[in-house]
Amino acid sequence: MSEELNFVLKARREKLAAIEALGVPPYAYSFDRTHVVAQAPEALADAEEGPSISVAGRLVSWRGHGKTAFAHLADESGRIQLYFRRDVLGEDGFALIDLLDIGDVVGVSGPLFRTRTGEVTVRVEELELLAKSLRPLPFGKEEVVDGVTVRHSGFSDPEQRYRQRYADLAVHPEVRALFRARSRMTTAIRTFLDDRGYLEVETPVLQPLYGGAAARPFVTHHHALDMTLYLRIADELYLKRLVVGGFERVYEIGHDFRNEGLDRTHNPEFTMLEFYEAYADYTVMMDRVESLLQAAAQAVRDSLGDTVEVPVFTTPFPRLEWQPTLNAALGLDVLAQDESSLRNLARTAGVASVEAMSRPKLLDELFQAHVESTIVEPTFVLDYPVELSPLAKPKRGNPALTERFELFARGRELANAFSELNDPIDQRQRFEAQARLRAAGDEEASGVDEDYLRAMEYGMPPMGGVGIGLDRLFMYLTDVQNIRDVILFPTLRPE
């Protein structure tokens, strides 16, 4: 901490002591607002003088002129000018003004009026300190250039903004707008599914077995039961248990956890949407995904206005088949290659650490390198090899493939879906194959989930299922390049 900052912190604490000496409580319990800031212009309408209102928020600018002072107060809805006069507030009230700082949270009451420049302003008759700021927020400077207000950030270091998201939000209204749009997107997705008869449910985050995806889990221990538990890597297997139980359309929006590296598109904790529909297959789910993405995009567009160019989805999306597309990129039949050949191909493609990879992992890496990274417009990739899709039904007419699609855009996966496997005997064989991979050292392979198999044996209806990473979807819709910019509190290395 710099000497200057130490001086500032000390000065603010001295002001706190002076405020307490005046008998003014520096931290209030509540404040009765009659309006939020954005409602003030409507309350004033076209008049020069308006009604008395009470607003509360943070002081974001300040200028004093002896017996008068001007400030701007900001709440979540916007900012408004405040006008203070010594003869209105009295000596004690004005003494408090001298002890205020930018960043303090205050409540004010008084009539609205319009200044000579036309700015809506509160003539403050009552002032209450709600929270004294002991640390200055990194507000930037503003200037008017060609009639447009330009704000220069005082808090531009990305790492510090992620670590102190509270400060980032406080000084950057555009960041608040971004996360508000993300919330609107999630609400629109819920509405889309609710309107189509899907039931929102909650399934366990702590699981005795992990499954539903290929990923390394986080491991924990429950002391009372003396058992190992895993943070879920996917919601899939529990949601499909519910379809067995008679809920024919279910969805969950929740956090999943994967014990993997951090980069621009990966955070260990992330938000997933998964939804399942009995008696549907993957062709039905393609239609669902196209319509859902249109609803999500419209919600973001409505929230952000013209500040962001949100993609307009033209449906139906193009479709590519996994095997022919990768074969064409490599100039050979990829599924006919042995593991050694696949390893050489992956090495040539620049894939790292190929020696430790299983055959399914090599196939996945080759597809990412040669196909996935080249897809720009939203495109469905269909019919993955069975060894890459342990939970999908065999493709009708070709049991070496599965009825699975993934949606890609700008080189990123946006959705993953299957015609869900509902044959318990086939499922056991695939689980056992996964268990052999796991025993051979593949930490991303799952084991045999006996309870899930028992559920299937009661009779699992045919169904289609979809998983969509909401962080990545929002990144795509807003053209954000780093996942940390769309997660309020991303995972970071220790300071």
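Below you will find a few notes about this structure. (Residues numbered from 1 in each chain as written. Predicted model: local features only at pLDDT ≥ 70, side-chain atom pairs only at ≥ 80, totals over all residues. Heavy atoms only, no water.)

1. So, the sheet that holds strand S11 (residues 219-222)
Here is step 1: In spatial order, the strands read S10-S12-S11; together these three strands make up an open sheet with antiparallel pairing. If you trace the sheet from one side to the other, it starts and ends with strand S10 (206-207) and S11, each paired once.
Here is step 2: As paired strands, S11 and strand S12 (residues 227-231) are joined by four bridges and run antiparallel to one another. Note on S12: the bridge partner recorded for His 222 is Met 227. (Pairing = 2+ DSSP bridges. Helix = DSSP H or I, 4+ residues; strand = E, 2+ residues; numbered from the N terminus.)

2. Quick word on the environment of Ala 71
Here is step 1: Of note, Ala 71 is situated in strand S2 (residues 68-75).
Here is step 2: Each C-alpha atom of the pair Ala 71 and Ser 61 lies 5.3 Å from the other, and the pair is 10 residues apart in sequence.
Here is step 3: Setting aside anything within four residues of it in sequence, one finds Ala 71 in contact with Leu 59, Ser 61, Trp 62, Ile 80, Gln 81, Leu 82 and Phe 84. (Contact = heavy atoms within 4.5 Å.)

3. A few points about helix H14 (residues 470-478)
Here is step 1: In terms of burial, H14 is largely enclosed, as nine of its nine residues are buried.
Here is step 2: Those residues of H14 that sit buried are Leu 470, Asp 471, Arg 472, Leu 473, Phe 474, Met 475, Tyr 476, Leu 477 and Thr 478.
Here is step 3: At the C-terminal side of H14, Asp 479 shows a positive phi close to 55°. (Buried < 20%, exposed > 50% of the residue type's maximum accessible area, 1.4 Å probe, protein only.)

4. Considerations on the nonpolar core
Here is step 1: Counting 45 residues, the largest nonpolar core has Ile 189, Leu 273, Phe 275, Ile 468 and Leu 477 as its most contacted members.
Here is step 2: In terms of residue count, the dominant contributor to this core is helix H8 (residues 282-304) (10 residues).
Here is step 3: For Ile 189, the residues in contact, after removing those within four places along its chain, are Ile 253, Leu 273, Leu 292, Ala 296, Leu 470 and Leu 473.
Here is step 4: One finds Leu 59, Leu 73, Leu 99 and Val 120 within the second-largest nonpolar core, a separate group that totals 27 residues. (Core = buried A, V, L, I, M, F, W, Y, C linked by side-chain atoms within 4.5 Å.)

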